[in-house]
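Structure at a glance
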Amino acid sequence: MKFFGRLDRHFSFGCCSLLLALAACTASKAPSATAGTDTSAPVSILLLGSNHLAQLYKANNPNSDVLTPRRQAELSAMCDQLQRYRPDGILVEEVPEKQGRLDSLYRLYRQDKLDLNTMPGGRNEIYQVGFVLAKRLGLPGVHCVNAPGGTSQSILSEGQNIGLYEQATTEWRAFGARTIDQPLLAGATTMSQYYRAMNEPATVQRLHTLVYRTPARVTNGTLKPDPMVDAAFINPKYVGAEFISVFFNRDLKVYSNVVTTQLATRQHRQLLIMGLRHVGSLHGIFSTDPAYQVVAANDYLSRR
């Protein structure tokens, strides 16, 4: 008996017809690639890049303090702008394991029993932007979507072509200080202008290139010891690419936390407050997900 010999022409045509029919039937019943979401309209997500406001604070410079009356008024005005986006989900850079703590703090905040001016860490953007917006919008809370894996960009410090990365890092720091931080610290810009400068597409792209592109040119080296990096899996030949993978791996986990939060809550308009370094990478991930539509933060942030 031959299973792989020449088939009768009529039998072959009949089998092909049957297979096509079965394929069509299967396709009609197959789950959508965006199963679990409303496929008629993508989920909207606004990626708000942020420096860490608590780290911005300098005791001898009131312009750096988001708790001063001036900065509080400016933050309130900025939240007015972001509120126009009408998010039904506020997502913040905290790991899900801290969700219970954040829920407790938010309950107190909604009841006016939590004073951010005296609370340790009260300058953090999670509270100054996330809590404020959530309360205004009547949301039950904010969602923790960060993932472990954070590390310093300085762990890449040796290898062939390391000079390219070091030069790009120096240029970025000078650019960021000149165009973003110094105007705020000098009192020349508002909080809205500060966030707008951070979220300019060219600025986001420049930082993304520094962290996720330039290091790939560095080879044949090692990373500085870091508790968040398993050195046993680092290939010295591709040390720069390995370095990039540390950051990208974290971004993929953040992405997973965001989309699973959406599946659990059925949010339609999410606002994610995340460190600026991650915004370019996350934009790339979400912009290629057909279930999502990325919204530019600067469509809502005022120039004033």
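In this report, we go over the structure that sits alongside the text. (Residues numbered from 1 in each chain as written. Predicted model: local features only at pLDDT ≥ 70, side-chain atom pairs only at ≥ 80, totals over all residues. Heavy atoms only, no water.)

Quick notes on the pairing of strand β1 (residues 43-50)
Defined as follows: Each residue's exposure class comes from its accessible area (1.4 Å probe, protein chains only) as a fraction of the maximum for that residue type: buried when under 20%, exposed when over 50%, partly exposed otherwise. We count a stretch as a helix when DSSP gives it H or I for four or more residues in a row; a strand needs E for two or more, and each element gets its number in order from the N terminus. The pairing criterion for strands is at least two bridges between them, as found by DSSP.
The element β1 is extensively covered by neighbouring structure, given that eight of its eight residues are classed as buried. Residues V43, I45, L47 and G49 of β1 are buried on one face, and the alternating residues S44, L46, L48 and S50, pointing to the opposite face, are buried as well. With four bridges connecting them, β1 and strand β5 (residues 292-295) associate as parallel partners. Residue pairing across strands places V43 opposite Y292, the latter belonging to β5.

Topic: the environment of E171
If you trace the backbone, E171 turns up in helix α6 (residues 162-185). Spatially, the C-alpha atoms of E171 and L210 are 9.8 Å apart, while their sequence positions differ by 39 residues.

Some words on the pattern of salt bridges
Which entries qualify depends on this criterion: We define a salt bridge as a side-chain nitrogen of Lys or Arg found within 4 Å of a carboxyl oxygen belonging to Asp or Glu.
Taken as a whole and assessed by the stated rule, the structure comprises seven salt bridges. Here R70 makes a salt bridge to E74, at a shortest N to O gap of 2.7 Å. Taken together, the residues R70 and E74, both in helix α3 (residues 69-83) and four residues apart, mark about one turn of the helix. D80 is the partner of R136 in a salt bridge, and the nearest nitrogen-oxygen pair spans 2.5 Å. With R136 in helix α5 (residues 125-136) and D80 in helix α3, this pair connects stretches of sequence that are 56 residues apart.

A short note on the packing of helix α4 (residues 99-110) against α5
Formally: Each axis is a line fitted through C-alpha atoms, and for a helix only the stretch in contact is used; angles between axes span 0 to 180 degrees, taken between their N-to-C directions. What sets the label is the angle itself: under 35 degrees gives roughly parallel, over 145 gives roughly antiparallel, 65 to 115 gives roughly perpendicular, and the rest give oblique. Crossing handedness: left-handed means the near helix sits turned counterclockwise from the far one by under a right angle, and right-handed means the same turn made clockwise. Note on contacts: a residue pair is in contact if any heavy atoms of the two residues lie within 4.5 Å. The residue classification treats Ala, Val, Leu, Ile, Met, Phe, Trp, Tyr, Cys and Pro as nonpolar and Asp, Glu, Lys and Arg as charged. All others, Gly included, are polar.
Where α4 contacts α5, the two axes come as close as 11 Å, and the packing angle between them is 60°. Judged by the inter-axis angle, α4 sits oblique to α5. The chirality of how α4 crosses α5 is right-handed. The segment α4 lies against α5, with R101, L102, L105, Y106, Y109 and R110 engaging I126, Y127, F131, V132, A134 and K135. Among the residues making up the contact of α4 with α5, the classes are represented as nine nonpolar, no polar and three charged.

Points about the packing of aromatic side chains
Here is the rule we go by: Pairing of aromatic side chains here covers Phe, Tyr and the six-membered ring of Trp, requires ring centres within 6.5 Å, and sorts the geometry by plane angle: under 30 degrees stacked, over 60 edge-to-face, intermediate tilted.
In the structure shown here, the tally under the stated rule is eleven aromatic pairs. Measuring from ring centre to ring centre gives 6.4 Å for Y212 and F247, while their planes differ by 65°; the resulting arrangement is edge-to-face. Here Y212, found in helix α8 (residues 201-212), pairs with F247, found in helix α9 (residues 239-265); they are 35 residues apart in sequence, far enough to count as distant. Of the two residues, Y212 and F247, both sit in the buried class. These aromatic residues form a ring-pair network of at least three members: Y106, Y109, Y127 and F131.

Considering the layout of surface pockets
The test is simple: A pocket, in this scheme, is an open set of points on a 1 Å grid over the protein atoms alone with protein on both sides within 12 Å along at least 5 of 7 lines, while a cavity is a set where a 1.4 Å probe fits but cannot get out; residues line either one if an atom lies within 4 Å of a point. Grid points are joined across faces, edges and corners, and a volume is the space filled by probe spheres set on the points.
By volume, the largest pocket amounts to about 730 Å³. Lining the largest pocket are 28 residues, with N51, H52, Q55, Q153 and W172 sitting closest to its centre. Here the element with the most residues in the lining of the largest pocket is α6; it accounts for eight residues. For the lining of the largest pocket, the residue count by class is ten nonpolar, twelve polar and six charged. Along its surface, the second largest pocket is lined by 15 residues, and N199, P201, V204, V279 and H283 are the ones closest to its centre.

Some remarks on the packing of α3 against helix α7 (residues 191-198)
Across the interface, α3 lies against α7 with an axial gap of 7 Å and an inter-helix angle of 55°. In this view, α3 runs oblique relative to α7, as classed from their interaxial angle. Only M191, S192 and Y195 of α7 make contact with α3, whose side of the interface consists of R71, E74, L75, M78 and Q81. Of the residues assigned to the contact of α3 with α7, the class counts are four nonpolar, two polar and two charged.

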